[in-house]
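One letter stands for each residue in the lines below.
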Amino acid sequence: ILAMSHKFKVKKVVSCLSTCIFPDKTSYPIDETMLHNGPPHDSNFGYSYAKRMIDVMNRGYHEQYGCQFTSVIPCNVYGPHDNFNIEHGHVIPGLIHKAYKAQENGTSFQIWGTGSPLRQFIYSLDLAKLFIWV
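Keep in mind that this is a model prediction, so the values were computed, not measured.

## Observations regarding the side chain of lysine 51
Logical step 1: By secondary structure assignment, the location of lysine 51 is in helix α2 (residues 45-65).
Logical step 2: As a buried residue without a salt bridge, lysine 51 has its nearest oppositely charged side chain in aspartate 55, at a separation of 12 Å.
Logical step 3: Dropping the residues within four chain positions of it, lysine 51 is found in contact with Cys16, Leu17 and Ile21.

Right, dumping it as structure tokens:
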């Protein structure tokens, strides 16, 4: 995609990376300057390095040809058409479904876990607006 974008003089390319590309062993909070500071988690090895190479290629095309190729690394995305499965879905849609079921059945709304993990989320349509802005 980047090669063809360069060949056909596309003015700007915005690629979407993933938070799993960050180093497995890192300090928090993380930011884009820490992207290449260590290997990713073994479970995402191939995918993570492939995504990291997009960042490397963006830089290379910019340095060599002045191309405006960039990437965004969104946090956890949720929104319409998400996976609302309580057992295997994503966090926000799963909680929404769980709350709906608790209200529908007149049962308590319970959230599993300790409450100590910290996560960031972004609504898919807000992310779309950010892509256009970038």
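## Examining the pairing of strand β1 (residues 12-16)
Logical step 1: Burial along β1 is one-sided: Val13 and Ser15 are buried, and none of Lys12, Val14 and Cys16, which face the opposite way, are.
Logical step 2: In this sheet, strand β2 (residues 68-72) lies alongside β1 in parallel orientation, the contact comprising five bridges. The residue bridging serine 15 from the neighbouring strand is serine 71, located in β2.

## Some thoughts on the confidence of the model for the protein
Logical step 1: In the predicted model, the protein carries a mean pLDDT of 92, and the fraction of residues at 70 or more is 100%.
Logical step 2: Summarising per-element confidence for the protein, the mean pLDDT is lowest in strand β3 (residues 76-78) (91) and highest in helix α1 (residues 2-7) (98).

## A look at the environment of valine 56
Logical step 1: Structurally, valine 56 is set in helix α2.
Logical step 2: Judged by its relative accessible area of 38%, valine 56 falls in the partly exposed class.
Logical step 3: Sequence separation between valine 56 and serine 124 is 68 residues, and the spatial gap between their C-alpha atoms is 26 Å.

## Some thoughts on the environment of histidine 6
Logical step 1: For histidine 6, the location among the structural elements is in helix α1.
Logical step 2: Considering only alpha carbons, one finds histidine 6 and cysteine 16, ten residues apart in sequence, at a separation of 18 Å.
Logical step 3: With residues up to four places along the chain from it excluded, the contact list for histidine 6 reads Tyr61, Tyr65, Cys67 and Phe69.

Each value, and the rule that gives it
Residues numbered from 1 in each chain as written. Predicted model: local features only at pLDDT ≥ 70, side-chain atom pairs only at ≥ 80, totals over all residues. Heavy atoms only, no water. Helix = DSSP H or I, 4+ residues; strand = E, 2+ residues; numbered from the N terminus. Buried < 20%, exposed > 50% of the residue type's maximum accessible area, 1.4 Å probe, protein only. Lys, Arg positive; Asp, Glu negative; His and termini not counted. Salt bridge = Lys/Arg side-chain N within 4 Å of Asp/Glu carboxyl O. Contact = heavy atoms within 4.5 Å. Pairing = 2+ DSSP bridges. pLDDT = per-residue confidence, 0-100.

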